[in-house]
Structure formats: structure tokens, C-alpha cells
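A look at the structure
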Protein chains: 2
Amino acid sequence: MRSNGEKSGNGYKNGNGNEHTMTMQKIATLAGVSKGTVSRALADDPKVSEKTRLKIKEIASSQNYRPNAAAVSLARGRTNTIGLVIPSAPRALSDPFYLEFLGGVGDFLITKGYNILLSPMSEQGPGHVKLLETNRIDGLILTEPEQADARIAYLRDRAIPFVFLGQTSDNEGLWVDGDNVGGARIAVNHLLGLGHRRIGCITGSMNLVSGANRLAGYITALTAAGVPFQQELVAEGDFTEPGGRRAVAQLLELENPPTAIFACNDLMAIGAINGARERGISIPQDLALAGFDGIRSGELISPKLTTVVQPIYQMGLLAGELLVKSILGEEITTRHMLLPLDLKIRESCGG
Amino acid sequence: MRSNGEKSGNGYKNGNGNEHTMTMQKIATLAGVSKGTVSRALADDPKVSEKTRLKIKEIASSQNYRPNAAAVSLARGRTNTIGLVIPSAPRALSDPFYLEFLGGVGDFLITKGYNILLSPMSEQGPGHVKLLETNRIDGLILTEPEQADARIAYLRDRAIPFVFLGQTSDNEGLWVDGDNVGGARIAVNHLLGLGHRRIGCITGSMNLVSGANRLAGYITALTAAGVPFQQELVAEGDFTEPGGRRAVAQLLELENPPTAIFACNDLMAIGAINGARERGISIPQDLALAGFDGIRSGELISPKLTTVVQPIYQMGLLAGELLVKSILGEEITTRHMLLPLDLKIRESCGG
DNA sequence: CATAGTGCTTTAACCGTTTGCAATACCTGA
DNA sequence: TCAGGTATTGCAAACGGTTAAAGCACTATG
């Protein structure tokens, strides 16, 4: 007993909390071996004999030993923590989208032994990134890429692994996204199939890739069907409910208003429904409306929203998986995941 | 230059990432002082001379120095990280409530230099707590306390500071909550004021404190108004939309159905609206409906939901503040924050 | 019987900070 | 000029792990 050196803690500082926290050294003393052996035993290093390993594990678990994460991070140079940057208000806090995504990310990463550090993207620019960098995270999941996103260069420069939720222009990068173009096309095709020819579009924020791509899908669907694209049928929104409300007003005031509208997300679709209703226009009788995202509220509203459903939770899982692979330096065969999207037909388009 | 000892990194391990990360030692070398002086200078220790301090800070910022969080944690015995346990599916991921709460918590804690580690409460029991303990968090914010919550004893035993979002039975504990009893009473009083005498209640999960208290508020409001409480008018829900739908069906099938219903949260209220509509009952003409929480969807639905609004974001701020005080050992005058709630009158109650 | 393995364990350096104490430099007044 | 402060700074021991390399106790070999 107490055979090895390492003067026991005279604890001349660090007065916080438990005096009786179990450390590796204490386990070692109890087991009559050295600290190093304990470390190896707990890591299942084959160089430790079966007998010793079992004894040490036994003691460790009976003493309820938990390694100190900070010490592990320091020694290994990895934090086992990843950062998740979600957009700040108004979008994130109101959009159920991100919480569900977070659920997927969390469920995956936690089983892999990673922790999630949340960073609301409060400041513009790479401020939040710095915040995360301070904490030496192993990797980062970001959302809402912009058309030319400055964060990409910043992160690549720092060699921090990262994954975007949302397609980025940069071809190297890792990202997971729903097929915005394809999804939009499906929605518009559905409206075309119902006989509509005058189909409006309420766009999202055009600086976001998702906003631009959904509009692109709308346009290609129209032209593929031989319906000429008309600029006046496009009203710019901003992915919020009031934005949708404003945009629908703009479209309904045309001398020849659309008979159907594709809104680039559900929140705007809901805004459009409300806005249309205020003008005495009933959905879907007078106006068909399709959305995008598949958020919960779309099911709750009346009429229930026909929408392009994104597998949000799934996307979270995938983003987590990509990031972990990237952190561990494993080979990544598909760097981009463009998930096909389905249309969930409910009530808002009639038919 | 290079006056002090400390063999420079021969780096025989730890091959990850940047070879050129700035450490305190490097700053010290650049400034021609010792590591310890740098540490003190950056911490604004008055024992360091003005001149040295300025020089060191200058160099540190020009070198873009960021302290290694793991090392700080290890040395100080504090992690500057707090855990946030949110309920897992189905409630959390669909309930905008928690994301908004998280926003408040995050905004407060991040300005105080804390990080947030998220833990979806995936397993039952204290499993997630252990997870957090492994990471030596400084404190914990928990949600959805149960009537006799085992986590309380567990955490107190480990001397981990914690704050609940939700009133706990335990009188020592710290918590922030909306006034569930009072809020429910206001809602029911509103219905009473509109002339209703036969008012139903769709309860939440009765094992949760919030569920029990909102029912209590309903009952006290009724009895205070001299309206006898009738068990048949109470239908048990579970805080979900389908739960509300089922519950409203149960109430509407009574031979003498209620003319108004108080649903213990908005999600159930929305379910009730949908359920009622399916049965051809229109809101608010045939049935008045009030909810609780003030979530976003309640504004989007038609008719817009009259509901007891909780200052969710605010509650997040307060929870963060309480927790930090508790961690730092500051004196806490009010250990419980029971926030008064207001009724937001919209359309679903008519009147 | 000396020598080389082999299998396991100990030793000690190291990760990047914080901080008590020792040491040095600079002042002050006698 | 020198003792005795006082303001700064340096030193080195922690914090709790990981891990290369040396050490030790055996056995197998020549």
C-alpha cells in the first residue's frame, strides 16, 4: 500500500466543492498500483494484465470514479465537445426546425461521447466562432449558410472541422441539406398537376442558400412544364410569418393574381394563409398554398398545410455523424448529403 | 529574451491540430517575463505593474491569444460550464417553449462567460445527470420537475448547484416558474366573466408539478366564484396536441358538455380546437377555449388562441442568474421566482 | 549460467493554466 | 551608506489525467 510516490494533496488551494472526489491517483493507491496502470487499465490497454485490469475496474466502479473531463482534454488535446451555432432570434427561437435538428445532433453525438456546446449566433460576423474557439471545441455545426459565407474561410483557416446544415457553395465542405431545388420542384409540380398555371412564389431570404435554391426549384418546375416564368408572381419574404403575410398581400393585389402559391417555408405559408383569410380569400378554394419544411405548426393550422417535409431529425443525426468522422480523421466518402424530400399532401392545396 | 527556463515543447506526442497555438508560455517568452506574470497580468492582478500589464495585454491580443479552457478548468477546479437538461421527445422537440427558454438561459450565461452543455433527458432516472457529472459542470438547469423528483436528492447529495424551471416541492431549492395556479385562475376567471358556468378542464401530465398546479388554479377559480367543481368536466391530457384532441372528445361526449374549456397548455388547446372542429363545433361560437403558455403556434392558428402567456425568455434569464449566483456562492435573497402571468386575449374565447 | 526475450508495471514528462511563496528590485528614511 | 520596507517578478507545485520509455521479474534459449 501507498507504495508509490506522488505526495498526497496538501491542498493549499482549490477549496471548492467535494474534498472527496475520486481521482485516478486514489484509485491507484487503493489498488496498490501506479496511476499510469490505472489509466491503461481503464482504457482497456492490452498491456495491462487481465487480473490487474479487472481489479482496477472493480475498484473504480465501486468508488464511482469518473474521469475529470478537463484533465482528459488537457492531456489529450481534444475536448470531446462540439459547438452548435444556431441562428438567433427571431428565426431560431420561433422555428421548431432547429430544436428538432438539435435533437438529432444531440442524440447522435451524446452516444459517441461528445458534448454539445450551444452558441446562439447572437453577434453578426465570426464573433460567435471566436467564442467557441476559446473553448477549444473539436468541431462545429453551423446553420444557415449564406451565399458567400465568411465563416467558411475562417474555420478552414483555423483547421476546425465543421459541418453545415445547409448546402454551401464551397465544394470541399461538409454539409447536410434537404434537396431544396428538388423539393420546391415537387411542390410546384403538385400545383401544376392540380391544373394551376398561374403560380406565385413567396421567397425566403435571398442571401441564404436555401432561399435561393427553393426559388430556383420553383423556376425550373415552371419552365419544365412550359409555363413561362413571370417576375411579378414572385414576392420576396424573409422566412417569417409576417413576411409571408406581407408577401401574399403583394401577390393578391396584382390585377391578375395567382391561383396558387408556393411559399418557401411553412412559417411564411402560414402567414400567407392568415393574410389571405384577412382579405376574405379562402384556402384552398380560392387559392392553393404549399409550404416547405414540415414544421409542427403546419399540421395544427387550418387548413392543414400541404408541404415539403424535411427529415429534420435525420439531418441532425447525419450532421453529427459527418462531423465526428471529420474530427477523427476518418475517410468520408460522401462529403455532402442532399436528402430527397417528399411532399406531404394535406389540405391547403385542395385537390 | 528567452530568459526563463521551461524547456520548449519537444512535442513527443499530441500530434493534433495547430502546432502554432498560442500558449501563455509563448506570450511570456515574447514579453520577456514569466508565465506566472502573464497569468496575473491577464487577470488584472494589481500586483503586476501597470507597464508590464499593458505590454502583456498588447502582445496577447496581437497574438490572438485565447486561454485553453481545459487547462483553466483543471487549474481552477471549475469548468465554467453549466448543463441544461431538456425533456426529450416528444415534448421538448415539438414544444417551442424550451427553445425560447434556452435562448434566455444562453443569452444570460454566455455574457457571464459560461458555456451551456445540452443534455436531452434521454434516459429516465439520473442517467443524464451522471453524464453531466462526468464533465464536471459547475451547475445544472433542469426542467419539468415531477411531484417527488429523485433528481433533487441526487444533486443535493453531490453538492451540485442547480435551478429548476418549474416549482419544486422542496423548499430549499432554487427555481423559476410562472405562477401556474394564478395563471390558470386568471384564465378561468376570464371564462367565468364571459358568463360561462360549465367550464371544462383539460389537464396536463399529472405527475408534473405544473400539471397539478394548473388544475389547482382551475379548481380554486371555480370554487371562488361559487361554481361547484365537477369531476366529469376534467379530462386528463398529457401536454401534447393529440392528447388535447382526445380530451376534448371526451368532454364533448358528455350528455351536458361544457360551454368553455381551459386547456392546461397551448398544444392541448390547439388539439382541442382541431378536435372540436372535426365534430362540427365552432370556436368560439359553440365553445370557448383558453390555453396556457403563449407559444407561437397559438397565434398562427385560427381562431387565434386566448392564452396565459409565460415570459419564457425572461424565465431563462432568471434561471441563469440564479444559477450563477448559486455557483459563485453569492447570497440569494429570493430562492424562488414565481412570475405573475397575464392573459393574452385573442379570439378563441369570443367575447 | 549468462543472455535475450516477453509481459507487465512503474516512472516521469507533459498538456496549459493558477497561485503560494521566495526572490529580487526599487525606495525610503536614518 | 545601509537596514527595512514595499512593489514586482520568478519559481515551482499543483490540477488530474496520458503515454513514451525505462525497469523489473520471469521464462526460454544458447
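Model, not experiment: these values are computed from the prediction. Numbering of residues starts from 1 in each chain and follows the order in which that chain's sequence is written. Written order decides the labels, with chains lettered from A and ligands numbered from 1. Two thresholds apply to this predicted model, a pLDDT of at least 70 for residue-level local features and 80 or more for giving and counting side-chain atom pairs, whereas whole-chain, interface and lining totals are computed over all residues. In computing side-chain values, all of the structure's heavy atoms are included and hydrogens and water are not.

So, about the packing of helix α1 (residues 24–31) of chain A against helix α2 (residues 35–42) of chain A. Residue and element names in this part refer to chain A. Across the interface, α1 lies against α2 with an axial gap of 8 Å and an inter-helix angle of 100°. Regarding the angle of α1 to α2, the classification is roughly perpendicular. For the pair α1 and α2, contact is made by Met-24, Gln-25, Ile-27 and Ala-28 and by Lys-35, Val-38, Ser-39 and Leu-42, respectively. Axes, fitted as lines to C-alpha atoms, cover a helix only where it is in contact. Angles between the N-to-C directions of the axes lie from 0 to 180 degrees. Every helix listed is a DSSP run of H or I at least four residues long, and every strand listed is a run of E at least two residues long, numbered separately from the N terminus. Throughout this description, any angle smaller than 35 degrees is read as roughly parallel, any larger than 145 degrees as roughly antiparallel, any in the 65 to 115 degree range as roughly perpendicular, and the remainder as oblique. What makes two residues a contact is simply this: any of their non-hydrogen atoms within 4.5 Å.

All names here are of chain A. Tracing the sequence through the fold places Val-105 in helix α6 (residues 96–111). Between buried and exposed lies partly exposed: a residue is buried under 20% and exposed over 50% of the maximum accessible area for its type, with that area taken using a 1.4 Å probe on protein chains only. With a relative accessible area of 0%, Val-105 lands in the buried category. Residues Val-105 and Gly-316 lie 211 residues apart in sequence; the distance between their C-alpha atoms is 4.3 Å. Those residues in contact with Val-105, other than ones at most four positions away along the chain, are Ile-116, Ile-141, Gly-316 and Leu-317.

Here the focus is the nonpolar core. Working definition of a nonpolar core: buried Ala, Val, Leu, Ile, Met, Phe, Trp, Tyr and Cys residues. They are joined through side-chain atoms within 4.5 Å. A:Phe101, A:Ile141, B:Phe101 and B:Val176 are the most contacted members of the largest nonpolar core, which has 60 residues in total. With 49 residues, the next largest nonpolar core counts A:Leu251, A:Ile273, A:Leu289 and A:Ile301 among its residues.

So, on to the sheet that holds strand β10 (residues 306–309) of chain A. Residue and element names in this part refer to chain A. One bridge is not enough; two strands pair if DSSP finds at least two bridges between them. Pairing is mixed in the open sheet, where 6 strands are placed in the order β7-β6-β8-β9-β10-β12. This sheet does not close on itself; its edge strands, each paired only once, are β7 (234–236) and β12 (342–344). Averaged over all neighbouring strand pairs, the angle between strand axes comes to 20°, with direction disregarded. For strand β6 (residues 199–203) and strand β8 (residues 260–263), the ladder comprises 4 bridges, and the chain directions are parallel. Note that in β8 the partner of Gly-200 across the bridge is Ile-261. Here helix α12 (residues 266–278) sits on the sheet and contacts β6, β8, β9 (288–293) and β10; the angle it forms with β9, its principal contact strand, is near 155°.

With that settled, the discussion passes to helix α14 (residues 312–328) of chain A. All names here are of chain A. Across its 17 residues, α14 extends 25 Å between first and last C-alpha, which sits within 8% of the 24 Å expected from 1.5 Å per residue. All of the buried residues in α14 are Ile-312, Met-315, Gly-316, Leu-318, Ala-319, Gly-320, Leu-322, Leu-323, Val-324 and Ile-327. Trailing α14 by a residue or two, Gly-329 shows a phi angle of about 70°, which is positive. An expected span of 1.5 Å times one less than the residue number is assigned to each helix.

What follows is about the packing of helix α11 (residues 241–252) of chain A against α12(A). Residue and element names in this part refer to chain A. α12 packs onto α11 with a crossing angle of 50° between their chain directions and a minimal axis gap of 7 Å. Judged by the inter-axis angle, α11 sits oblique to α12. Of the two possible hands of crossing, α11 and α12 adopt the one that is right-handed. Contacts between α11 and α12 pair Glu-241, Gly-244, Arg-245, Val-248 and Leu-252 from the former with Leu-267, Met-268, Ile-270, Gly-271, Ala-272, Asn-274, Gly-275, Ala-276 and Glu-278 from the latter. Any residue that is not Ala, Val, Leu, Ile, Met, Phe, Trp, Tyr, Cys, Pro, Asp, Glu, Lys or Arg is counted as polar, Gly included; the first ten are nonpolar and the last four charged. Partitioning the contact of α11 with α12 into residue classes produces 7 nonpolar, 4 polar and 3 charged. Here a crossing is called left-handed whenever its near helix is offset anticlockwise from the far helix by less than a right angle, and right-handed whenever the offset is clockwise.

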